[in-house]
Amino acid sequence: MLEEALEHLVKGIVDHDEDVVVRHKELRRGEVLEVRVHPDDLGRVIGRSGRTASALRTVMGALAGGKQVRVDIVDTDRVR
């Protein structure tokens, strides 16, 4: 449920909505939602001074209902 909600919110922000991918991972410290977007949309998702990313994290925390959830915005251009 959280993945679909986050994907819906991010698709409303970006220009290349077909490239939005949200992956769910379960870790010891809680859930992690990884967001991958088109490289041109990365700045839109992060926002000025990280405000958009912070707002997305706040909304996801509220939807999680007290569970620990982390939202990671993954830079696909960066070489690992």
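Whatever comes next refers back to the structure up there.
For the structure given in this document, a descriptive report is provided here. In every chain, residue numbers begin from 1 and rise along the written sequence. Where totals are concerned, whole chains, interfaces and linings use all residues; where local detail is concerned, this predicted model gives features only for residues with pLDDT of at least 70, and gives and counts side-chain atom pairs only at 80 or more. For side-chain calculations, the full set of non-hydrogen atoms in the structure is used, while hydrogens and water are omitted.

### Topic: the environment of Val 37
- Mapping Val 37 onto the fold places it in the loop between β2 (30-36) and α2 (42-46).
- For the pair Val 37 and Asp 19, spaced 18 residues apart in sequence, the C-alpha separation works out to 5.6 Å.
- Dropping the residues within four chain positions of it, Val 37 is found in contact with Val 10, Val 14, Asp 19, Val 20, Leu 42, Val 45 and Thr 76. Only DSSP runs of H or I reaching four residues or more are called helices, and only runs of E reaching two or more are called strands; each is numbered from the N terminus. We call two residues in contact whenever any of their non-hydrogen atoms come within 4.5 Å of each other.

### Topic: a nonpolar patch on the surface
- Residues Met 1, Leu 9, Val 59 and Leu 63 make up a contiguous nonpolar surface patch of about 350 Å² in total accessible area.
- Examined against the element boundaries, Leu 9 turns out to sit in helix α1 (residues 2-13).
- On the basis of relative accessible area, Leu 9 is assigned to the partly exposed category, the value being 32%. Two joining distances apply to patches: 9 Å for like charges and 5 Å for nonpolar side chains (Val, Leu, Ile, Met, Phe, Trp, Tyr), and every residue must have over 30% relative accessible area and no salt bridge. Note that accessible areas follow from Shrake-Rupley with a 1.4 Å probe, and for residues the cover is restricted to the protein chains shown. Salt bridges are defined as contacts in which a side-chain nitrogen from Lys or Arg sits within 4 Å of a carboxyl oxygen from Asp or Glu. Relative accessibility under 20% of the residue-type maximum defines a buried residue, over 50% an exposed one, and the middle range a partly exposed one, all with a 1.4 Å probe and only protein chains included.

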